[in-house]
Amino acid sequence: MQVRELWRYPVKSMGGEKLDELTVGSLGAEGDRAYGVLDLESGTVLSAKREGRLLSASARLVSSEPVVNVKGRDYDPGPALDEVLTRWLGRDSRLVDASLAGRVSFQSPSSFEDDDSPLQSWESSEGAFFDSSPLHLVTTGDLERLARERADLSWDVRRFRPNVVVEGDVESRREWVSGQRLHLGGVEVEVLKPCQRCVMTTRAQGDQLVRELEVLRHVAAQHDSNVGVLVRITHTGVVQRRDPVRLAW
């Protein structure tokens, strides 16, 4: 097994950047989910679970600072970006730094089939705007199996928003168990649990991916809603594309 792709998402729920190297600390990949869009009225940081339009924007880090692209134009953090976000989303919005925000709340419709269903809330970690785990892995085996089962659907890796894509003849749900440790180049992680999928996998992403509710319907029916695994960091370090992936035990 080896590392095939590395991804970082500087702003929660926006498109991210594919990299050749990630520095991984105790809070996950450096700069990952380091910023979010705060809805001032509700006091929550917006997730594409609730506000799917976020996925049509993107962000990258330049000299450790985010550059946000909205409708084809780049913006640095500041009043101009906040004004654009407010107009675009139709709600008073601000880009906020997770390292300064403490714990915040996220919201999601209770039914992935209905964006107008009652909202459910949960709390973030501190220091980064993760839902439940600082790092997320999928394998090419996961995606290939899904594509064999439903070749009529789009199983683009961007639907699953992993940090690490592992290439090899392995399916994470079947072969990686909770408590197992993996070496990813110079990083060691411990598998926490399978990654339970949500409405994010069904969302449109600009002109690149259309909305497909059948993606999550299939995953729920055939795989208990799980694709990939969530992990915690047990040894920080650097992971690069093509680094070997080895079982620690």
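Just above sits the structure.
Draft legend 1. Structural view of the overall build of the protein. Counting its regular elements, the protein contains 5 helices and 19 strands. Relative to a compact globule of 249 residues, whose C-alpha radius of gyration would be 18 Å, the protein shows 17 Å and is just as compact. The principal-axis extents of the C-alpha atoms in the protein amount to approximately 50 × 40 × 30 Å. Considering only contacts in the protein between residues 6 or more positions apart, those separated by 24 or more positions represent 71%. Carbon and sulfur atoms make up 44% of the accessible area of the protein, which totals about 11,300 Å².

Draft legend 2. How the structure looks around the nonpolar core. Core analysis: the largest hydrophobic core is formed by 22 residues, its most contacted members being Leu 137, Trp 176, Val 189 and Val 239. Sorting the residues of this core by element identifies strand S1 (2–8), strand S3 (21–25), strand S13 (135–139), strand S14 (164–167), strand S15 (181–184), strand S16 (187–196) and strand S17 (226–235) as the ones contributing at least two each. Discounting residues that sit within four places of it in the chain, Leu 137 has contacts with Val 164, Val 166, Trp 176, Leu 182, Leu 184, Gly 228, Val 229 and Val 231. Core analysis: the next-biggest nonpolar cluster, separate from the first, contains 18 residues, Val 11, Met 14, Val 37 and Leu 95 among them.

Draft legend 3. Examining the sheet that holds strand S10 (residues 93–97) more closely. Spatially, 3 strands are ordered S6-S5-S10 in an open sheet, and the strand pairing comes out antiparallel. Either end of the sheet is taken by a strand with one partner, and the two such strands are strand S6 (44–45) and S10. For strand S5 (residues 35–39) and S10, the ladder comprises 5 bridges, and the chain directions are antiparallel. From the neighbouring strand, Gly 36 faces S10, where its bridge partner is Val 96.

Draft legend 4. Main features of the sheet that holds S3. Spatial strand order, S4-S3-S18: 3 strands in an open sheet with antiparallel pairing. Both edges of this open sheet fall to strand S4 (28–29) and strand S18 (237–240), since each of them pairs with a single strand only. Taken together, the 2 bridges between S3 and S4 define a ladder with antiparallel strand orientation. Along S4, the bridge assignment pairs Val 24 with Ala 29.

Draft legend 5. Region of interest: the pattern of salt bridges. Inspection of the entire model under this criterion finds 25 salt bridges. We note a salt bridge from Asp 92 to Arg 94, for which the minimum N-O separation is 2.7 Å. Salt bridges linked by common partners bring Asp 39, Arg 50, Glu 51, Arg 53 and Arg 91 together as one network.

Procedures and definitions
- Numbering of residues starts from 1 in every chain and runs along the sequence as written.
- Reporting of local features is limited, given that this is a predicted model, to residues whose pLDDT is at least 70; pairs of side-chain atoms are given and counted only at 80 or more, and all residues count toward the totals for whole chains, interfaces and linings.
- Computation of side-chain values: all heavy atoms of the structure, hydrogens and water removed.
- The secondary structure listing takes helices from DSSP runs of H or I that are at least 4 residues long and strands from runs of E that are at least 2 residues long, numbered from the N terminus.
- Computation of the radius of gyration draws on C-alpha atoms alone. For the globule rule, the value is 2.2 Å times the number of residues to the power 0.38.
- Contacts were defined at the residue level, with two residues in contact if any of their heavy atoms lie within 4.5 Å.
- A 1.4 Å probe and the Shrake-Rupley method give the accessible areas. Residues count as covered only by the protein chains that appear here.
- Residues enter a nonpolar core if they are buried and are Ala, Val, Leu, Ile, Met, Phe, Trp, Tyr or Cys, with the set joined through side-chain atoms within 4.5 Å.
- Burial classes: relative accessible area under 20% of the type maximum marks a residue as buried, over 50% as exposed, and values in between as partly exposed (1.4 Å probe, protein chains only).
- Any two strands are treated as partners once DSSP identifies two or more bridges connecting them.
- Just to be clear on terms, a salt bridge is a Lys or Arg side-chain nitrogen sitting within 4 Å of an Asp or Glu carboxyl oxygen.

Everything listed here is a matter of coordinates, which is why it stays silent on function.
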